[in-house]
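# Reading the structure
Below are the chains, spelled out letter by letter.
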Amino acid sequence: MFERRTTIIRDPKVLTFEYVPQELIHREDQMKSLRMLFRPVVESGGPQSAFLIGPVGTGKTATARRFCMDVMRHASEKGIPMDYVTVNCRQNNTESSALLSMIWHFDPGYPDRGFSVSEMLRTLKRHVEKRRLRLMVVLDEVDVLIKKGADDLVYQLSRFNEEKGDPSTSLSLIMVSQEHILERLDQASISTFKRVNTVRFGRYSQRELRDIVSSRADMAMVPGTIDDDSMELIADIASEWGDARFAIEMLEKSALLAEEDGKTEIRPEIVREAKALTYSTITESKLEQLDLHRTLTLLAVTRCLKDDAYVTTGKAEKTYHIVAEEYGENPRKHTQFWNYINDLNDLGLVHTKVQGDPDGGRTTYISVPDMPSKVLRSKLEEILGR
Ligand SMILES: Nc1ncnc2c1ncn2[C@@H]1O[C@H](COP(=O)(O)OP(=O)(O)O)[C@@H](O)[C@H]1O
Ligand SMILES: [Mg+2]
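Numbering of residues begins from 1 in every chain and follows the order in which that chain's sequence is written. Both sets of labels track the order of writing: A upward for chains, 1 upward for ligands. Predicted model: local features are reported for residues with pLDDT of at least 70 only, side-chain atom pairs are reported and counted for 80 or more only, and whole-chain, interface and lining totals are derived from all residues. Just so you know, side-chain values use all the structure's heavy atoms and leave hydrogens and water out.

Next up on the list: the overall build of the protein. Counting from the N terminus, the helices are the DSSP runs of H or I reaching at least four residues and the strands are the DSSP runs of E reaching at least two. In terms of helices and strands, the protein carries 15 helices and eight strands. Over its C-alpha trace the protein gives a radius of gyration of 23 Å, about what one expects of a compact globule, namely 21 Å for 386 residues. By principal-axis analysis of the C-alpha atoms, the protein measures approximately 70 × 55 × 40 Å. Taken across its 386 residues, the protein has 50% of its residues classed as buried. In what follows, a contact means two residues having at least one pair of non-hydrogen atoms within 4.5 Å. At a minimum sequence separation of 6, the contacts of the protein that also span at least 24 residues come to 73%. For the accessible areas, the method is Shrake-Rupley and the probe is 1.4 Å, while residue cover comes only from the protein chains on display. If you sum the accessible surface of the protein, you get close to 19000 Å²; carbon and sulfur atoms cover 49% of it. When charges are counted, neither His nor the chain ends are considered; positive counts come from Lys and Arg and negative counts from Asp and Glu. Positions of charges follow a simple convention, taking NZ of Lys, CZ of Arg, CG of Asp or CD of Glu. Considering the protein, the positive charge centre built from 54 side chains and the negative charge centre built from 60 side chains are found 4 Å apart. Throughout, the radius of gyration refers to the C-alpha atoms, and the reference size of a globule is 2.2 Å times the residue count to the power 0.38. For every residue, the accessible area obtained with a 1.4 Å probe (protein chains only) is divided by the maximum for its type, and the residue is called buried under 20%, exposed over 50%, and partly exposed between those limits.

What follows is the structure, given as structure tokens:
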């Protein structure tokens, strides 16, 4: 029943989430910044920290992983004791579980309970010092951890290198996050982070997405099974968000749908079908990543919309005040509300357009693309209910 017809996909793992390509196309600048920042770590052992910031699907995780893997190869050729560990802070969203996953990298038998955060920090330190390592810790989706008030762990890790004897051991941090992290930190942490080097990841253009899709298709699929128009279309659709994850998922879904239909080639019609399938999962993962007030703002928009195509920002803002109070929150100020709307627009969760009024003013209208506002509304209420 589930025998796969391998008419199109040659290597399914290349289309999975975990796959890290040898080369990240159009991320040469970011790689270069990382190499510059971390050269001293490799050469003399001093610690470094970097913040990789950008929207979903802009290659932050893949770049961080590729970079660490490349550093490891270089270090092992030169006989430099280096290592790296990646922590997904969405899956490990408390200080203890984030620390545990670092310790398990060295000692898989370490008990998962019974030790305090400071004991675990000491254990981690012992592992690093015993091996005289230059360790790189990647805290992926660190915003999730910080949102839960775990900034202290980040602070402790960044202080790891103080008061240690051996100058050749160190712990370096690569923190990966979406844009809106800094405003969430308290003053003390902000001053720590201000000194951290930021590497920015912008949304991919249509051309860039096309190159990414085409190179992934070359690696994953039987030659000649996807035409140029289909790749062009995938890039067009994904360029609305500049999101490579969406593009690769559409490529994968298109291939699976085509195989399911017994076709030997992906055509644009299949891509459109794949878009419909992919869109809802992408939207959901974006919703999960919104912070509280952006979620409340979006909920307010969906409540105003009902059956209308558009709602004015004025009306949406009034509803936002009501919604915020309903959830026991102080509504944020007008300028902040505008930021939220702009961010939601950037994420593709709402669409805004500005129109002139008869009396010479300008009004901004908000709509929700591609998903019925009722469906979106109930998803948001479910998320807020948790
Ligand atoms: N420049 C690139 N070249 C090739 N593949 C890429 C590139 N950028 C992203 N990808 C792929 O797109 C998907 C999403 O990238 P990811 O690094 O997870 O994004 P982010 O962490 O910014 O949300 C992954 O499958 C990744 O391999
Ligand atoms: Mg990521």
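Quick look at the sheet that holds strand β8 (residues 362-367) now. Strands were regarded as paired on the criterion that DSSP finds at least two bridges between them. Spatial ordering of the open sheet is given by β6-β8-β7, a layout of three strands whose pairing is antiparallel. Bordering the open sheet on either side are β6 (311-312) and β7 (351-356), each of which pairs with just one other strand. With two bridges joining them, β6 and β8 adopt antiparallel strand pairing. Within β8, the residue paired with T312 across the bridge is Y365.

Below, the discussion takes up the site of ligand 1. We call a residue near a molecule or strand as soon as one heavy atom of that residue lies within 4 Å of the molecule or strand. Of all residues adjacent to ligand 1, which total 19 residues, the nearest are I25, K60, T61, Y204 and R245. The protein chains hide 95% of the 560 Å² of surface that ligand 1 would expose on its own. Think of a 1 Å grid over the protein atoms and nothing else: a 1.4 Å probe that fits but is trapped marks a cavity, an open set flanked by protein within 12 Å on at least five of seven lines marks a pocket, and residues with an atom within 4 Å of a point count as lining. Each molecule is checked against the cavity or pocket grid, and it sits inside if more than half of its atoms lie within 2 Å of the grid points. With respect to the detected pockets, ligand 1 is housed in the largest pocket. Secondary-structure elements contributing two or more residues to the shell around ligand 1 are α2 (60-78), α8 (206-220) and α10 (244-260). Residues belonging to the shell around ligand 1 are distributed by class as follows: eleven nonpolar, four polar and four charged. Domain limits in this description derive from either an automatic procedure or a database domain assignment. Of the residues that make up the shell around ligand 1, three or more belong to each of domain 1 (28-200) and domain 2 (204-287). Each residue is assigned to one class: nonpolar for Ala, Val, Leu, Ile, Met, Phe, Trp, Tyr, Cys and Pro, charged for Asp, Glu, Lys and Arg, and polar for all the others, Gly among them.

Our next topic: the nonpolar core. Counting residues in each nonpolar core, the largest one holds 33 residues, and the members touching the most others are M221, I226, I234, L251 and I266. Broken down by element, this core gets its largest block of residues, nine residues, from α10. The residues contacting I226, other than those within four sequence positions of it, are A217, M221, M231, I234, L251, E265 and I266. The definition of a nonpolar core used throughout is a set of buried Ala, Val, Leu, Ile, Met, Phe, Trp, Tyr and Cys residues joined through side-chain atoms within 4.5 Å. In this structure, L99, Y110, I146 and F160 belong to the second largest nonpolar core, which totals 32 residues.

This brings us to the environment of I366. Position of I366 among the secondary structure elements: in strand β8. Once the C-alpha coordinates of I366 and D227 are considered, the two residues, 139 residues apart in sequence, prove to be 36 Å apart. Apart from the residues within four sequence positions on either side, I366 is in contact with V301, L305, A309, Y310, V311, T313, A316, I341, V350, H351 and T352.

Before going further, it helps to examine the packing of aromatic side chains. Note on ring pairs: Phe, Tyr and Trp rings are taken, using the six-membered ring of Trp, and paired if centres are within 6.5 Å. Classes follow the plane angle, with under 30 degrees stacked, over 60 edge-to-face and the rest tilted. What the rule picks out here adds up to six aromatic pairs. Ring centres of Y310 and Y365 lie 6.3 Å apart, and the angle between their planes is 85 degrees; on these two criteria the pair is classed as edge-to-face. One end of the pair, Y310, is in the loop between α12 (292-305) and β6; the other, Y365, is in strand β8, and 55 residues separate them in sequence. According to the relative accessible area criterion, Y310 is partly exposed, its value standing at 32%. A network of ring pairs unites the aromatic residues Y320, F337 and Y340 as a single cluster. Whether a charge sits over a ring depends on NZ of Lys or CZ of Arg being within 6 Å of the ring centre and within 35 degrees of the ring normal. In this structure, K125 packs its charged tip against the face of F160, placed 5.2 Å from the ring centre. The ring centre of Y310 lies 4.0 Å from the NZ or CZ of K353, which sits over that ring.

Taken domain by domain, the protein holds domain 1 (28-200), domain 2 (204-287) and domain 3 (290-375). For domain 1 and domain 3, the distance between their C-alpha centres works out to 36 Å.

To continue, consider the sheet that holds strand β1 (residues 49-53). With parallel pairing, five strands are arranged side by side in an open sheet as β2-β3-β4-β1-β5. At either end of the open sheet lies a strand with only one pairing partner, and these are β2 (82-88) and β5 (197-200). Adjacent strand axes in the sheet meet at a mean angle of 20 degrees, parallel and antiparallel pairs treated alike. Sheet topology note: the β1/β5 ladder contains four bridges and is parallel. For A50, the partnering residue across the bridge sits in β5 and is N197. Here helix α1 (residues 28-44) sits on the sheet in contact with β1, β2, β3 (134-140), β4 (170-177) and β5, set at roughly 145 degrees to β5. Think of each axis as a best-fit line through the C-alpha atoms, taken over the contacting stretch in the case of a helix, with angles from 0 to 180 degrees between the N-to-C directions.

Here α12 is 14 residues long and its end C-alpha atoms lie 20 Å apart, about the 20 Å a rise of 1.5 Å per residue gives. The first or second residue beyond α12 is K306, which carries a positive phi of 40 degrees. One less than the number of residues in a helix, times 1.5 Å, gives the span that helix is expected to have.

What follows deals with unusual backbone geometry. For H26, which is not glycine, the phi dihedral falls at a positive 65 degrees. Its location among the elements puts H26 in the segment before α1. Within the chain, E141 stands out as a residue other than glycine whose phi angle is a positive 55 degrees. Mapped onto the fold, E141 is located in the loop between β3 and α5 (142-147).

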